[in-house]
Amino acid sequence: MAKAKTAKAAYRCSECGWQTSKWVGRCGECQTWGTVIEAASATPARVVSAGPVSAPARPIGQVDVRSAKTRPTGLDELDRVLGGGIVPGAVLLLAGEPGIGKSTLLLEVAALASTGPEGGGGKNVLYVTGEESAEQVRLRADRVGAITDHLYLAAETELSALLGHIDSVEPSLLVVDSIQTIGTSEVDGAPGGVTQIREVAANLIRVAKERGITVVLVGHVTKEGAIAGPRLLEHLVDVVLYFEGDRHSRLRMIRAVKNRYGPTDELGCFDLSEVGIVGLPDPSGLFLTRRDEPVPGTCVTVTLEGRRPLVAEVQSLVAKSHLPAPRRATSGLDTSRVAMVLAVLAQRCKISMHEQDVYVSTVGGVRLAETSVDLALALAVAGSTVEQALSTSLIALGEVGLAGEVRVVPGVQRRLAEAARLGFKHAVVPRGSLELADGSPLKRADPQLSSYEGMKVMEVDSLQQALQVAFTAP
């Protein structure tokens, strides 16, 4: 007698839902490792019939947009990143490394949202903590001055209890710190697991949309810096924010990688101290070292964080090495980019460093990932190698290519205007940076020298030419 065929066990990706008949280590859809798990036996697809609708479809021009109007948070730097403020019914996800200041920032936002017309007209705000006790949060609130009558605090780790607090408080803003600590007994798994996070997030998003509550979720990050949990979480929420900064520095930066209500190219800067967190509308001074005399191995540049120009300083130290393989250490700069600039200096400009240690760093803990920093990096390393200092009133910006050419970078005029505002007098930029909107060059008597915003701007074609004009500038 022939044996009856049994249903094959199906395997499903916990990230995207992709299914396969046998186990594999990597998902064939989202290419994520270790997310394919055994699921129940494959079930045939079900036919879903039409049902009642929640609201009839209508022409797009008749949709009322007043409910999506932004409301200021009271922190101008956060409003800049969000596109004006928070929106009723929106769900925000804030991620960052442990101890970076996420809880302090959100406690400040919650306090401002519960007081005054600018922060929400004195409406109730609910802060739910699953990582700390209520007493610990109260001590932090005393330190930062976040004690208000309309700010309610609850320490819960069960979703049903959290929803009960929402029914009793009826908040206009809900802060959940963090979503990885909230669980529900309705589904299997421990809090923080893929299934639990998906269920908790779905319920909170449903409540936010139905009641018009702004929900802010705090998310953990992995050791690679990505948000922990399923990738689906980032797709479900309306705004994804990253809170960044060096834990040993007071500077904190927040940027949006997803924003359904505003831009994703803005950057907010904050100063974190013992008394709380405040916005920094002009943070460029934190990234500079003020000195009376020039020092070899330093060069100032202007980087664009979104649409915001920031003046930063690159420092380099080149010293005799006693190791068979000289050391290359970087801080705040991309290691591979630094290695490429060093190779271009050695090959195209004949500045040899094969027997010397090279240390490169930024000031103030800022991270410079833009290619416009290449020229300033090259000038700083060259100055430290030949023991020659650049002028303290000079800035340099431009991308360095493998052939030794200096390429144009976007937003040069905006960068020069920021440098001129801070008092810099000379600039080394790629040729063609100062052009009109139609592509025609600005009129100037000297083809090598032009003026912009009161600055003397020297345009160069190659790294060799940049070294020559930079070290001869007054």
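Residues numbered from 1 in each chain as written. Predicted model: local features only at pLDDT ≥ 70, side-chain atom pairs only at ≥ 80, totals over all residues. Heavy atoms only, no water.

Here we come to the overall build of the protein. Scanning the protein for helices and strands turns up 10 helices and 22 strands. Judged by the C-alpha coordinates and their principal axes, the protein covers about 80 × 75 × 50 Å. When burial is assessed residue by residue, the protein has 46% of its 474 residues classed as buried. Accessible surface, the protein: about 24000 Å² in total, of which carbon and sulfur atoms supply 53%. The protein carries 49 positive and 53 negative side-chain charges, and their two centres are separated by 6 Å. (Helix = DSSP H or I, 4+ residues; strand = E, 2+ residues; numbered from the N terminus. Buried < 20%, exposed > 50% of the residue type's maximum accessible area, 1.4 Å probe, protein only. Areas by Shrake-Rupley, 256 points an atom, 1.4 Å probe, with all protein chains shown as cover. Lys, Arg positive; Asp, Glu negative; His and termini not counted. Charge placed at Lys NZ, Arg CZ, Asp CG, Glu CD.)

Our focus in this paragraph is the state of the cysteines. Overall, the coordinates contain zero disulfides when judged by the stated rule. Between Cys299, a cysteine without a disulfide, and Cys349, which holds the nearest cysteine sulfur, the sulfur-to-sulfur distance is 14 Å. (Disulfide = S-S within 2.5 Å.)

Looking now at the sheet that holds strand S12 (residues 276–279). One open sheet holds the nine strands; their spatial order is S6-S5-S7-S8-S4-S9-S10-S11-S12, and the pairing between them is mixed. Sheet topology places strand S6 (151–155) and S12 at the edges, where each strand pairs with a single neighbour. The sheet shows a mean angle of 20° between the axes of neighbouring strands, direction not considered. Sheet topology places strand S5 (residues 125–129) next to S6; five bridges connect them, and they run parallel. If you follow Thr129 over to S6, its bridge partner there is Ala155. (Pairing = 2+ DSSP bridges. Axes fitted to C-alpha atoms, helices over the stretch in contact; angles between N-to-C directions.)

Turning next to the sheet that holds strand S2 (residues 19–20). Strands sit in the order S2-S1-S3 across an open sheet of three strands; the sheet is antiparallel. Taken across any chain shown, the strands that pair with only one partner, and hence form the sheet edges, are S2 and strand S3 (36–38). In the sheet, strand S1 (residues 11–13) pairs with S3 via three bridges, with the strands oriented antiparallel. For Arg12, the partnering residue across the bridge sits in S3 and is Ile37.

A word on the side chain of Arg140. Residue placement: Arg140 occurs in helix H3 (residues 134–144). Leave out the neighbours within four places in its chain, and Arg140 touches Ser103, Thr104, Leu107 and Glu132. (Contact = heavy atoms within 4.5 Å.)

Along the polypeptide, Ser433 turns up in the loop between strand S20 (426–430) and strand S21 (449–452). Using a relative accessible area of 8% as the deciding quantity, one classes Ser433 as buried. Between the alpha carbons of Ser433 and Ala90 there is a distance of 41 Å; along the sequence they are 343 residues apart. In contact with Ser433, other than residues within four places in its own chain, are Val408, Val412, Gln413 and Glu459.

Before going further, it helps to spend a moment on empty space enclosed by the protein. Taken as a whole, this structure holds two cavities of 30 Å³ or more when the rule is applied. In terms of lining residues, the largest cavity is bounded by 13 residues, among which Leu78, Leu92, Leu106, Val109 and Val216 are the most central. Looking at which element gives the most residues to the lining of the largest cavity, the answer is helix H2 (residues 102–113), with three residues. Residue lining of the second largest cavity: Leu82, Gly85, Ile86, Val87, Ala90, Leu92, Val239, Asn259 and Tyr261, and that is the complete set. Here the residues of the lining of the second largest cavity sort into seven nonpolar, two polar and no charged. (1 Å grid on protein atoms, 1.4 Å probe; cavity = no way out; pocket = protein on both sides within 12 Å on 5 of 7 lines; lining within 4 Å. Points joined across faces, edges and corners; volume = space filled by probe spheres on them. Nonpolar A, V, L, I, M, F, W, Y, C, P; charged D, E, K, R; others polar.)

A few words on the confidence of the model for the protein. Scored by pLDDT, the protein has a mean of 86; 91% of the residues are at 70 or more. Predicted confidence for residues 1–7 stays below pLDDT 50, and this span has one contact to residues more than four positions away or in other chains. For residues 442–449, every residue scores under 50 in pLDDT, and the model assigns this stretch 15 contacts once sequence neighbours within four places are set aside. (pLDDT = per-residue confidence, 0-100.)

Attention now goes to the side chain of Thr129. Considering the arrangement of structural elements, one finds Thr129 in strand S5. Within the structure, Thr129 has its side chain in polar contact with the backbone nitrogen of Glu132 (distance 3.2 Å). Ignoring any residue separated from it by four or fewer positions in sequence, one finds Thr129 in contact with Val137, Leu153, Ala154, Ala155, Glu156 and Asp177. (Polar contact = N/O pair within 3.5 Å; in protein donor to acceptor, adjacent residues only side chain to side chain.)

Structurally, the position occupied by Arg252 is in strand S10 (residues 251–259). Owing to a relative accessible area of 3%, Arg252 belongs among the buried residues under this scheme. For Arg252 and Ser49, which are 203 residues apart along the polypeptide, the C-alpha to C-alpha distance reads 51 Å. With near-sequence residues (within four places) excluded, Arg252 lies in contact with Gly99, Ile100, Phe243, Glu244, Gly245, Asp246, Arg247, Gly268, Cys269, Phe270 and Leu272.

This next bit is on the nonpolar core. Residues Leu345, Leu379 and Val428 are the most contacted members of the largest nonpolar core, which totals 49 residues. Residue contributions to this core peak at eight residues, all from helix H8 (residues 374–386). Non-local contacts of Leu345, meaning those with residues more than four positions away in its chain, are made with Lys350, Ile351, Met353, Ala378, Val381, Ala382, Leu463 and Leu467. Membership of the second largest hydrophobic core comes to 36 residues, among which are Leu75, Val81, Leu92 and Leu105. (Core = buried A, V, L, I, M, F, W, Y, C linked by side-chain atoms within 4.5 Å.)

Let us look at the layout of surface pockets. Put simply, the largest pocket is a space of about 320 Å³. Lining of the largest pocket is provided by 17 residues; of these, Glu244, Met253, Gly365, Val366 and Arg367 occupy positions nearest its centre. Those elements that provide at least two residues to the lining of the largest pocket are S10, strand S13 (298–305) and strand S16 (356–362). When residues in the lining of the largest pocket are grouped by element, the largest group, three residues, is from S13. Considering only residue class, the lining of the largest pocket consists of four nonpolar, seven polar and six charged.

Backbone torsion omega between Asp177 and Ser178 reads 0°, so that peptide bond is classified as cis. Within the secondary structure layout, Ser178 lies in the loop between strand S7 (173–177) and helix H5 (194–211). For Lys350, which is not glycine, the phi torsion reads 60° and is therefore positive. Tracing the backbone shows Lys350 in the loop between helix H7 (335–348) and S16.

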